[in-house]
Amino acid sequence: MLVVNHVSKNYGNFEALKDIDLEFSSGIYGLLAPNGAGKTTLIKLLATLIFPSKGEILYNGTNISTLGESYREILGYLPQEFGYYKNFSPKQFLSYIGALKGIDPETLEQRIDRLLKLVALDDVATKKMKKFSGGMIQRVGIAQAMLNDPKILILDEPTAGLDPKERVRFRNLLSELGRDRIVILSTHIVSDVESIANEVIMLKDQKILYKDRILHICKMMEGVVYETVISYEQVATLKQRVFPLSERQEDGLLKVRFVAKGAPEPAWTAVKPNLEDVFLYVYRDEMRGEGAL
Ligand SMILES: Nc1ncnc2c1ncn2[C@@H]1O[C@H](COP(=O)(O)OP(=O)(O)OP(=O)(O)O)[C@@H](O)[C@H]1O
Ligand SMILES: [Mg+2]
């Protein structure tokens, strides 16, 4: 069990995380928040690459900063910017990383074979990585993080640069890996966590906003999400009164999905909120400048 206890992290005068409390047991945790929310900071704290300004992180009751090497042995980590050697094959690269991690050669060779199969790279095991797609490189990164068969696997934006097909493959791989270990992955893409995360953690204003099952998070917006079909002329008026989530064309009209508090109009249909709705609504201020809405 991994426990984050009242952790704050300052960069100079800037407090990037404030009083974070979290608990992780086996399963997949999705750390979902927009750019700059503090995902990498939290992940680096969990990976002991940086240390809390206040508070502590405990693994089975012991502060991870005092565990040193024995914590690194149970940790697998894929950084947001993952460095690899273009002229290496996956096999060479994994052998190199494994040697650095001090895994004995025989165990290492068996693990590499098994992992390359698991991430479906066994057929290109000896091909140079310079010709690999983004998805293939990410899978090498995941294999590298899995080399020591970690009890805690932490992946910082592992789906960045993957195409839709690779995303699906990646989700399937993760569900497999999350069965008997703690898997924590960060993303700002809702669909990456929607189908696989047992729990979603959302950060806002440097604090934890939600840490819960997706179903429960979505429940909090029950009764305020609607859809209605209107003409283009009516859209501006509607948008003055509600918070628009999405819109799409339908037979020359627009189907608008939105959040409205207060009494609904007869033409509005209440719909079940999904995680995307929550994300767009919760981060409406953060994303305004990005043209997301
Ligand atoms: N080394 C640092 N020194 C100063 N400020 C930093 C440092 N690292 C991060 N920050 C700031 O802390 C905040 C959180 O950054 P962090 O990288 O943790 O966010 P993130 O959620 O991972 O963002 P992204 O989605 O862009 O990767 C940002 O405002 C960032 O500018
Ligand atoms: Mg980051």
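Everything discussed here concerns the structure shown above.
This structure is a prediction, so every number in the text was calculated from the model and none was measured.

Observations concerning the site of ligand 1
As a structural note, the neighbourhood of ligand 1 is formed by 13 residues, with N35, G36, K39, T40 and T41 the closest of them. For ligand 1, an oxygen atom lies 2.9 Å from a polar atom in the side chain of N35. Between ligand 1 and Q80, the relevant distance is 3.0 Å, taken from an oxygen atom to a side-chain nitrogen or oxygen of the residue. When isolated, ligand 1 has an accessible area of 630 Å², and the protein chains bury 60% of it. When contributions to the shell around ligand 1 are tallied by element, the ones reaching two or more residues are β2 (14-24) and α1 (39-46). In terms of residues, the shell around ligand 1 owes the most to one element, α1, which gives three residues. Looking at the shell around ligand 1, its residues break down into five nonpolar, six polar and two charged.

Regarding the sheet that holds β2
The strands making up a sheet associate through hydrogen bonds between their backbones, and the pairing can be parallel or antiparallel. Taken in spatial order, the four strands line up as β2-β1-β4-β5 in an open sheet, and their pairing is antiparallel. Looking along the sheet, the strands with just one partner apiece sit at the ends: β2 and β5 (62-63). Strand contacts of α1: β1 (2-11), β2 and β4 (54-59), with the helix running at about 60° to β2, the strand carrying the most contacts.

Describing unusual backbone geometry
For D19, which is not glycine, the phi dihedral falls at a positive 45°. Looking at the secondary structure, you find D19 in strand β2. In this structure, D205 is a non-glycine residue whose phi angle is positive, near 50°. With respect to the secondary-structure elements, D205 resides in the loop between β9 (199-204) and β10 (207-212).

Considerations on the coordination of the magnesium ion (ligand 2)
Within the protein, T40 (OG1) and Q80 (OE1) serve as the donor atoms for the magnesium ion (ligand 2), at 1.9 to 2.3 Å. Pair noted here: T40 is in helix α1 and Q80 is in the loop between β6 (75-78) and α4 (90-100), with a separation of 40 residues, a long-range link.

A few points about the packing of helix α6 (residues 134-146) against helix α7 (residues 164-177)
Two elements in contact, α6 and α7, have axes whose closest approach is 11 Å; the angle formed by their N-to-C orientations is 10°. Between α6 and α7, the angle is such that the two are roughly parallel. Taken as a pair, α6 and α7 cross one another with a handedness that is right-handed. Facing G135, M136, R139, I142 and M146 of α6, the residues of α7 in contact are E166, R169, F170, L173 and L177. Its residues assigned to classes, the contact of α6 with α7 shows six nonpolar, one polar and three charged.

Regarding a nonpolar patch on the surface
A grouping of Y85, Y96 and L100 is seen on the molecular surface, where their side chains present a nonpolar patch of about 320 Å² in accessible area. Relative to the helices and strands, Y85 resides in the loop between β6 and α4. Accessibility expressed as a relative area gives 42% for Y85, which makes it partly exposed.

Some details on the packing of aromatic side chains
Counted under the stated rule, the structure contains 13 aromatic pairs. Between the aromatic rings of Y226 and W268, the centroid separation amounts to 5.3 Å while the plane-to-plane angle is 50°, which identifies the pairing as tilted. With Y226 in strand β11 (residues 225-230) and W268 in the loop between β13 (253-259) and β14 (269-270), this residue pair connects regions lying 42 residues apart in the sequence. Among the aromatic residues, ring-to-ring pairing joins F82, Y84, Y85, F88, F93 and Y96 into one connected group. Above the ring of Y281, the side-chain terminus of R284 is found at 4.1 Å from the ring centroid.

Here we look at helix α5 (residues 105-118)
Given a rise of 1.5 Å per residue, 14 residues ought to cover 20 Å, and the 20 Å separating the end C-alpha atoms of α5 matches this to within 8%. Next to the buried residues of α5 lie α4 and α6.

Notes on the nonpolar core
One finds L2, F24, L46, I152, V200, M202 and L275 to be the most contacted residues of the largest nonpolar core, which totals 55 residues. Tallying contributions element by element places helix α11 (residues 275-282) first for this core, with six residues. Split by domain, the residues of this core number at least three in each of domain 1 (2-213) and domain 2 (219-289). Leaving out residues up to four positions away in the same chain, M202 has contacts with L32, K207, I208, L209, Y210, I217, V278, F279, V282 and Y283. If you look at the next biggest cluster of nonpolar residues, it comprises 35 residues, including L78, I103, V140 and L162.

Digging into the sheet that holds β10
Strand order in this open sheet of six strands is β6-β7-β8-β3-β9-β10, and the pairing throughout is mixed. Looking at strand neighbours, the two that pair on one side only are β6 and β10, the edges of this open sheet. In this sheet, adjacent strand axes meet at a mean angle of 15° when their direction is disregarded. The pairing of β9 with β10 spans five bridges and is antiparallel. The residue of β10 that forms the bridge with M202 is Y210. Across the sheet, α7 is in contact with β3 (27-32), β7 (152-156) and β8 (182-187); its angle to β8 comes to roughly 150°.

Thresholds applied
Residues numbered from 1 in each chain as written. Chains lettered and ligands numbered in written order. Predicted model: local features only at pLDDT ≥ 70, side-chain atom pairs only at ≥ 80, totals over all residues. Heavy atoms only, no water. Near = heavy atom within 4 Å. Polar contact = N/O pair within 3.5 Å; in protein donor to acceptor, adjacent residues only side chain to side chain. Areas by Shrake-Rupley, 256 points an atom, 1.4 Å probe, with all protein chains shown as cover. Helix = DSSP H or I, 4+ residues; strand = E, 2+ residues; numbered from the N terminus. Nonpolar A, V, L, I, M, F, W, Y, C, P; charged D, E, K, R; others polar. Pairing = 2+ DSSP bridges. Contact = heavy atoms within 4.5 Å. Axes fitted to C-alpha atoms, helices over the stretch in contact; angles between N-to-C directions. Donors = N, O, S within 2.8 Å, 3.2 Å for Na, K, Ca; no water. Parallel < 35°, antiparallel > 145°, perpendicular 65-115°, else oblique. Left-handed = near helix turned anticlockwise from the far one by under 90°. Patch = residues over 30% accessible without salt bridge, like charges linked within 9 Å, V, L, I, M, F, W, Y side chains within 5 Å. Salt bridge = Lys/Arg side-chain N within 4 Å of Asp/Glu carboxyl O. Buried < 20%, exposed > 50% of the residue type's maximum accessible area, 1.4 Å probe, protein only. Phe/Tyr/Trp six-rings, centres within 6.5 Å; stacked < 30°, edge-to-face > 60°. Lys NZ or Arg CZ within 6 Å of the ring centre and 35° of its normal. Expected span 1.5 Å × (residues − 1). Core = buried A, V, L, I, M, F, W, Y, C linked by side-chain atoms within 4.5 Å. Domains from an automatic or database assignment.

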